[in-house]
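Below, each chain spelled out in residue letters.
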There are 2 protein chains.
Amino acid sequence: MPETNRGLSIGQVAELTGLSVHTLRFYEREGVLAAPVRRGPGGRRLYSKSDVEWIHLCVNLRATGMPLPAIRQYAEFIRQGTGDEEQLLALLRQHRDQVATQIEQLTESLGLITRKIGAYAEQLARGAGGPVRCTPPPAERR
Amino acid sequence: MPETNRGLSIGQVAELTGLSVHTLRFYEREGVLAAPVRRGPGGRRLYSKSDVEWIHLCVNLRATGMPLPAIRQYAEFIRQGTGDEEQLLALLRQHRDQVATQIEQLTESLGLITRKIGAYAEQLARGAGGPVRCTPPPAERR
DNA sequence: CTACGAGTTAGAGCCGACTCTAGATCAAGC
DNA sequence: GCTTGATCTAGAGTCGGCTCTAACTCGTAG
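Residues numbered from 1 in each chain as written. Chains lettered and ligands numbered in written order. Predicted model: local features only at pLDDT ≥ 70, side-chain atom pairs only at ≥ 80, totals over all residues. Heavy atoms only, no water.

## Description of the protein's contact with DNA strand C
The immediate surroundings of DNA strand C are formed by 19 residues, with A:Gly11, A:Arg25, A:Arg45, B:Tyr27 and B:Arg62 found nearest. Protein-adjacent atoms of DNA strand C, using a 4 Å cutoff, are sugar or phosphate at a proportion of 67%. Between A:Ser9 and DNA strand C, the recorded distance is 3.1 Å, taken from a side-chain N or O atom to a phosphate oxygen. With respect to DNA strand C, the side chain of A:Arg25 contributes an N or O atom lying 2.8 Å from a phosphate oxygen. Looking at the surface near DNA strand C, the elements with two or more residues in it are α1 (10-17) and α2 (21-29) of chain A together with α2 (21-29) and α4 (68-80) of chain B. By residue number, the principal contributor to the surface near DNA strand C is α2(B), which donates four residues. Tallied by class, residues from the surface near DNA strand C come to six nonpolar, six polar and seven charged. (Near = heavy atom within 4 Å. Polar contact = N/O pair within 3.5 Å; in protein donor to acceptor, adjacent residues only side chain to side chain. Helix = DSSP H or I, 4+ residues; strand = E, 2+ residues; numbered from the N terminus. Nonpolar A, V, L, I, M, F, W, Y, C, P; charged D, E, K, R; others polar.)

## Re the protein's contact with DNA strand D
Taken together, 19 residues lie around DNA strand D, and A:Tyr27, A:Arg62, B:Arg25, B:Arg44 and B:Arg45 are the ones closest in. Here the atoms of DNA strand D within 4 Å of the protein split so that 65% fall in sugar or phosphate, with bases taking the remainder. Separating a phosphate oxygen of DNA strand D from a side-chain N or O atom of B:Ser9 is a distance of 3.0 Å. Contacts to DNA strand D include B:Arg45, whose side-chain N or O atom sits 2.7 Å from a phosphate oxygen. If you list the elements that add at least two residues to the surface near DNA strand D, you get α2 and α4 (68-80) of chain A together with α1 (10-17) and α2 of chain B.

## Remarks on the pattern of salt bridges
By the definition in use, this model includes nine salt bridges over all chains. One salt bridge in this structure joins A:Arg39 and A:Glu28, with 3.5 Å as the shortest N-O distance. In this pair, A:Arg39 is assigned in strand β1 (residues 38-39) and A:Glu28 in helix α2, connecting sequence segments 11 residues apart. Taking the relative accessible area as the measure of exposure, A:Arg39 reaches 41% and is therefore partly exposed. The partner of B:Glu28 in a salt bridge is B:Arg45, and the shortest N-O contact between them spans 2.6 Å. Within this pair, whereas B:Glu28 is found in helix α2, its partner B:Arg45 is found in strand β2 (residues 45-46), the two being separated by 17 residues in sequence. Salt bridges sharing common partners tie together A:Glu28, A:Arg39 and A:Arg45. (Salt bridge = Lys/Arg side-chain N within 4 Å of Asp/Glu carboxyl O. Buried < 20%, exposed > 50% of the residue type's maximum accessible area, 1.4 Å probe, protein only.)

## Things to note about the confidence of the model for chain A
All names here are of chain A. Within chain A, residue pLDDT values average 88, and 85% of them lie at 70 or more. Looking at the elements of chain A, mean pLDDT is at its lowest for helix α5 (residues 85-125), recorded as 94, and at its highest for α2, recorded as 98. Here residues 134-142 is modelled with pLDDT under 50, and outside its nearest four sequence neighbours on either side it reaches 21 contacts, counting other chains as well. (pLDDT = per-residue confidence, 0-100. Contact = heavy atoms within 4.5 Å.)

## Some thoughts on the packing of aromatic side chains
Residues and elements named next belong to chain A. Counted according to the given criterion, the structure contains five aromatic pairs over all chains. Both rings, one in Phe26 and one in Tyr27, keep their centres 6.0 Å apart while their planes meet at 45 degrees; by these two values the pair is tilted. On the basis of relative accessible area, Tyr27 is assigned to the buried category, the value being 9%. (Phe/Tyr/Trp six-rings, centres within 6.5 Å; stacked < 30°, edge-to-face > 60°.)

Here it is in structure tokens:
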């Protein structure tokens, strides 16, 4: 167990974050990590606590549909450290708005799906093996 | 304008649904359409109103992350028409649950992003060009 | 000493969902 | 008749995001 000297192995980070070791290395190559990962003896990666925090954030951003190039951009702003805080904020705000929109749309679609389920369930209830439709589903034209 | 005889052209359907004509043909090949599309003279597609409704539903399902194979499965249940209504309902219910979960997770991430924005904004407000951090962002450890 | 498991790199491969191309056909307007 | 623009088919190409392979190096356990 390489807890040698503060710093987690790639395998441990994979466990913690739910990403594969492949993906972790891939993200690093792609420049989505905010800071370079420290290396231990033999050139092995040693992830700091803040590395792991950042990766968790990346997982969140990915889960909300932010593409890797955007995350890389974010990471670059952090790396440069100065001058572009406004741009960074703009990037995050834009993404926040997109996520909000996404939630709205999903909620709407959820309603539609739920109604569809209701329609099918009803149809199935009265007359099992009853009136079958080969054409598209019972649209709620009523 | 090929409104010859009831039935929309592929171009019109593309406009209506927001899909490209390429995608419409692709979906058809992939078997995600519930019913075969009628053809006009010269072999051109003529979409019925219910075709268009179904496609709209497909757009919704895709937008909520249902993969094409699942939609094809749905379409197959519809095409067969009988016996598998329960399976169809199961498929839809499962997807509904997934969408609900998705919304929950997005909402959670939205909160996180919003907090992050707050933190950056604050940092930026007091001391513009002030304390710059190259390490990952100010975690809300408070 | 050696075997093993976990790590390293560079690069290839894969998958889902489109997206586009080529070459032919068709329908309508001049 | 000729041109223009939409359509047709079959099949190839693209893109994002992983995912895997090969060949090698470590470090520790037995």
